[in-house]
Amino acid sequence: MSFFEDLVPLLYFGKFRVHSDSILQNLSQSMSNMTCGSIDEGLEGSRNESYALILKLIAIAAILVTGVCGVAIPLVGKKYRFLRTDSNAFVAAKAFAAGVILATGFVHMLPDATSSLTNPCLPKFPWSKFPFSGFIAMMAALATLLADFIGTQYYERKQEKQSQSVKVDSLDSVSESSIVSVERRAGNGKVFGEEEGGAMHIVGMHAHAAHHRHSHSQEKGACEGHMSSHGHSHSHGIGGGDEEGGVRHVVVSQVLELGIVSHSVIIGLSLGVSHSPYTIRPLIGALSFHQFFEGFALGGCISQAHFMMLKTTIMACFFALTTPLGIAIGIAVSSSYNPKSPRALVIEGIFDSISAGILVYMALVDLIAADLLSKKMSCNVRLQVMSYFALFLGAGSMSSLAIWA
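Reading the values: rules and limits
Residues numbered from 1 in each chain as written. Predicted model: local features only at pLDDT ≥ 70, side-chain atom pairs only at ≥ 80, totals over all residues. Heavy atoms only, no water. UniProt positions renumbered as here; feature names shortened; annotations may be inferred. Helix = DSSP H or I, 4+ residues; strand = E, 2+ residues; numbered from the N terminus. Buried < 20%, exposed > 50% of the residue type's maximum accessible area, 1.4 Å probe, protein only. Contact = heavy atoms within 4.5 Å. Areas by Shrake-Rupley, 256 points an atom, 1.4 Å probe, with all protein chains shown as cover. Core = buried A, V, L, I, M, F, W, Y, C linked by side-chain atoms within 4.5 Å. Polar contact = N/O pair within 3.5 Å; in protein donor to acceptor, adjacent residues only side chain to side chain. Patch = residues over 30% accessible without salt bridge, like charges linked within 9 Å, V, L, I, M, F, W, Y side chains within 5 Å. Salt bridge = Lys/Arg side-chain N within 4 Å of Asp/Glu carboxyl O. Phe/Tyr/Trp six-rings, centres within 6.5 Å; stacked < 30°, edge-to-face > 60°. Axes fitted to C-alpha atoms, helices over the stretch in contact; angles between N-to-C directions. Parallel < 35°, antiparallel > 145°, perpendicular 65-115°, else oblique. Left-handed = near helix turned anticlockwise from the far one by under 90°. Nonpolar A, V, L, I, M, F, W, Y, C, P; charged D, E, K, R; others polar. Expected span 1.5 Å × (residues − 1). Bend = angle between axes of the 7 residues up to and from the residue.

Per an unreviewed UniProt entry, the protein chain is named Zinc transporter 4, and its organism is Forsythia ovata. If you open the UniProt record of the protein chain and go to Subcellular location (unreviewed entry), you find "Membrane".

Put into structure tokens, the structure is as follows:
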């Protein structure tokens, strides 16, 4: 009996060892840099290295230009009326861009990632036994949410410390004057996007940034008393109100730039390592839209924060260069392995999955939720119709491109 008791653990250990050896062998095969002869024909037909490199260079130029324009317009637009972007048409254009970015993530990036990670060139275990593309996209979206949450927590702590010091400094001024900040007096005593106690949720962070683009709007379509009470809320507060508002703009701009930069570098890497023009083409349009409107939100916060000219220039240039830098790094990385190898399929599939998750998150939170769930939107039926039509038009148009891809 003792013989069998001693034999059973050995059998299980041997089985586990064989299984672990098989896993290591599959992983080694997945990272092979040798040309794969069984690569899917349709996937190989879409891989054109020379054409892909041309598209990458075009992407660098296009994204750089749109990023510079996006962040520069709010900084220059304060002096020139024709550059103001508080019109309904601009909000609708942003909704169209959100639809384009959302469709790029769902219809273009995620299917391409699935095709790469389930290619016959890769071992069936584990790549065909588990939906890695969807799982990685989900985790990327959650990681982006976590990054925004950490940034928001930093904002709240900074806000709380500054508010305490402002309240102490403003006690004397309150006794001498009955005038208080318009922003704190209006409505329920909170700033746009802020919750009770000064905390701000993640969507509120982006809504707060978007609100500065319309802070001087005099639209008739706004709710009664809403825009009139907030119309000049950032320019007529005195004392502690101005100081507290300035700190808020500084922190929001820093948190936004941190989030945008982290997103942009990863997506730029995804574009840079790809050898498929079918993947790169929709990314050029989506990233150009994203870079413009995110740059616009960041530029609005920078202009309200009243940074020195040197710091403003550094922040704007850093933002504009992040995605092109990611693409350049991706190009350098992609040149270090065989584009028709299993390693190329794994790398591109993982990066495409990550990009899909980030693009979906950015479209839903940074663009759609921040504007389409805003007070201005709920008070203007015409703007609602225009924006939702543009949103579905952008998503449908970008999705239809997959037919000719």
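(A) The overall build of the protein chain, seen in detail. Of regular secondary structure, the protein chain possesses 15 helices and zero strands. A total of 405 residues make up the protein chain; the buried ones form 49% of that total. Taking all contacts inside the protein chain whose residues are at least 6 apart in sequence as the whole, residues at least 24 apart take part in 86%. Accessible area for the protein chain stands at about 19800 Å²; split by element, carbon and sulfur atoms hold 68% of it.

(B) Molecular detail of unusual backbone geometry. The omega torsion of the bond from F125 to P126 falls at 10°, within 30 degrees of zero and hence cis. Locating P126 in the fold gives a position in helix α5 (residues 124-127).

(C) Quick look at the UniProt feature "transmembrane region" (unreviewed entry) in the protein chain. Here, UniProt's "transmembrane region" (unreviewed entry) annotation points to residues 53-77, 89-110, 130-151, 313-333, 353-373 and 385-404. This span, residues 353-373, is 95% helix and 0% strand, and a straight line between its end C-alpha atoms measures 28 Å. Across residues 385-404, helical content stands at 100% and strand content at 0%; the span's end C-alpha atoms are separated by 29 Å.

(D) A look at the nonpolar core. Grouped together as the largest cluster of nonpolar side chains are 39 residues, with contacts concentrated most on I267, L271, L283, L287 and L359. Sorting the residues of this core by element identifies α3 (49-77), α4 (88-117), α6 (132-176), α10 (240-273), α11 (277-305), α13 (342-372) and α15 (381-404) as the ones contributing at least two each. Not counting the four nearest positions on each side in its chain, I267 is found in contact with L283, L287, S355, I358, L359 and M362.

(E) Looking closely at the side chain of N338. Locating N338 in the fold gives a position in the loop between α12 (309-334) and α13. A distance of 2.6 Å separates the side chain of N338 from the side chain of T35, its partner in a polar contact. When sequence neighbours within four positions are dropped, the list of residues in contact with N338 reads N33, M34, T35 and A344.

(F) Looking closely at a nonpolar patch on the surface. Residues F130, F135, M138, M139, L142 and L145 make up a contiguous nonpolar surface patch of about 530 Å² in total accessible area. Examined against the element boundaries, F130 turns out to sit in the loop between α5 and α6.

(G) Spatial organisation of the environment of Q25. Along the chain, Q25 falls in helix α1 (residues 2-30). Linking Q25 and P123, residues 98 residues apart in sequence, is a C-alpha distance of 9.5 Å.

(H) Here's a closer look at the pattern of salt bridges. By the definition in use, this model includes one salt bridge. Measuring nitrogen to oxygen at the nearest pair gives 3.1 Å for the salt bridge that ties D371 to K94. Separated by 277 residues along the polypeptide, D371 in helix α13 and K94 in helix α4 bring together distant segments of the chain. K94 shares its class with D371; the two are buried.

(I) Examining the packing of aromatic side chains more closely. Across all of its chains, the model carries five aromatic pairs by this definition. Centre to centre, the rings of W127 and F132 are 5.0 Å apart; their planes meet at 50°, and the pair counts as tilted. Judged by relative accessible area, F132 falls into the partly exposed class, the value being 21%. Arranged with centres 5.0 Å apart and planes meeting at 70°, the rings of F130 and F132 form a pair that is edge-to-face.

(J) Representation of the packing of α4 against α13 in the model. Interaxial distance between α4 and α13 falls to 8 Å at its minimum, and their mutual angle equals 160°. Put simply, α4 runs roughly antiparallel to α13. Both α4 and α13 take part in a crossing whose hand is left-handed. Here the contact of α4 with α13 is built from residues that sort into 18 nonpolar, six polar and five charged.

(K) Region of the structure containing the side chain of S355. Relative to the elements of secondary structure, S355 occurs in helix α13. Excluding residues within four positions of it along the chain, S355 makes contact with M109, I266, I267 and S270.

(L) Main features of α12. With 26 residues, α12 should cover 38 Å at 1.5 Å per step; its first-to-last C-alpha distance of 38 Å lies within 8% of that length. For α12, the principal kink sits at T322 and spans about 35°; a proline, P324, occurs within the next four residues. All buried positions along α12 are accounted for by T312, M315, A316, F319, A320, T322, T323, P324, G326, I327, G330 and S334.

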